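# Examining the three-dimensional arrangement
So the chains spell out like this:
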Amino acid sequence: MTQSRKPTHPGAILREDVLPALKISVSDAAEKLLISRQTLHKILAEKGPITPEMAVRIGKLCGNGPDLWLGMQQAVDLWEAQQKLAKEVEKIPTLETA
């Protein structure tokens, strides 16, 4: 079942909640994550995904591990795929076992 509202992108959580709570700038966060500011800006602008590698980095920085970050990204990706394929998927039968 598809939820009607798109899940919050993990970049929005970082931008609105995490970085302000940690009291660090985007530049400082990028430096601590060992990535470019451009890469982090892309994520914060919700234009780039949290990859498994990025989830490991952010999870370490925040102290909450990669699973949370990857799970949030997976929820966004799944919602987008369900929206994109909704009409096509309606045509696929659901089979039942005997």
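Shown above is the structure to which this text applies.
Residues numbered from 1 in each chain as written. Predicted model: local features only at pLDDT ≥ 70, side-chain atom pairs only at ≥ 80, totals over all residues. Heavy atoms only, no water.

On to helix α5 (residues 66-90), then. For α5, built from 25 residues, the straight-helix expectation of 36 Å at 1.5 Å per residue is met to within 8% by its first-to-last C-alpha distance of 34 Å. Every buried residue of α5 is accounted for by W69, M72, Q73, V76 and W79. Along its buried surface, α5 packs onto α1 (10-22) and α4 (52-62). (Helix = DSSP H or I, 4+ residues; strand = E, 2+ residues; numbered from the N terminus. Expected span 1.5 Å × (residues − 1). Buried < 20%, exposed > 50% of the residue type's maximum accessible area, 1.4 Å probe, protein only. Contact = heavy atoms within 4.5 Å.)

A word on unusual backbone geometry. With the exception of glycine, the majority of residues adopt a negative phi angle, and the majority of peptide bonds are in the trans configuration. Here the phi dihedral of L34 falls at roughly 60 degrees; this positive angle occurs in a residue that is not glycine. The residue L34 is located in the loop between α2 (26-33) and α3 (37-44) in this model. The phi torsion at E46 lies on the positive side, around 65 degrees, for a residue other than glycine. Its location among the elements puts E46 in the loop between α3 and α4.

Moving on to the packing of α1 against α5. It is the contact of α1 with α5, at a shortest axis distance of 9 Å, that shows an interaxial angle of 130 degrees. Here α1 lies oblique to α5, going by the angle between them. Where α1 abuts α5, its residues P10, I13, L14 and V18 lie against W69, M72, Q73 and V76. Along the lines of polarity and charge, the residues of the contact of α1 with α5 split into 7 nonpolar, 1 polar and no charged. (Axes fitted to C-alpha atoms, helices over the stretch in contact; angles between N-to-C directions. Parallel < 35°, antiparallel > 145°, perpendicular 65-115°, else oblique. Nonpolar A, V, L, I, M, F, W, Y, C, P; charged D, E, K, R; others polar.)

Let's shift gears to the nonpolar core. With 16 residues, the main nonpolar core has L14, I35, L40, I50, M54, I58 and W69 as its most contacted residues. Of all the elements in the fold, those that place two or more residues in this core are α1, α2, α3, α4 and α5. For I35, the contacting residues outside a window of four places in its chain are A30, L40, M54 and R57. (Core = buried A, V, L, I, M, F, W, Y, C linked by side-chain atoms within 4.5 Å.)

With that out of the way, let us pick up the pattern of salt bridges. For the structure shown, the criterion picks out 3 salt bridges. The salt bridge partner of E80 is K6, with a shortest N-O separation of 2.7 Å. On the criterion of sequence distance, the pair formed by E80 in helix α5 and K6 in the segment before α1 is long-range, its members being 74 residues apart. A single network of salt bridges, built from pairs that share partners, joins R15, E16 and E46. (Salt bridge = Lys/Arg side-chain N within 4 Å of Asp/Glu carboxyl O.)

Here we come to a nonpolar patch on the surface. Judged by side-chain polarity, L85, V89 and I92 come together as a nonpolar surface patch covering roughly 250 Å² of accessible area. Here L85 shows up in helix α5. (Patch = residues over 30% accessible without salt bridge, like charges linked within 9 Å, V, L, I, M, F, W, Y side chains within 5 Å. Areas by Shrake-Rupley, 256 points an atom, 1.4 Å probe, with all protein chains shown as cover.)

A few words on the side chain of Q73. By secondary structure assignment, the location of Q73 is in helix α5. Residue Q73 is classed as buried on the basis of its relative accessible area of 4%. Among residues more than four places away in sequence, those in contact with Q73 are H9, P10, G48, P49 and I50.

Take it as geometry only, folks, not as evidence of what the structure does.
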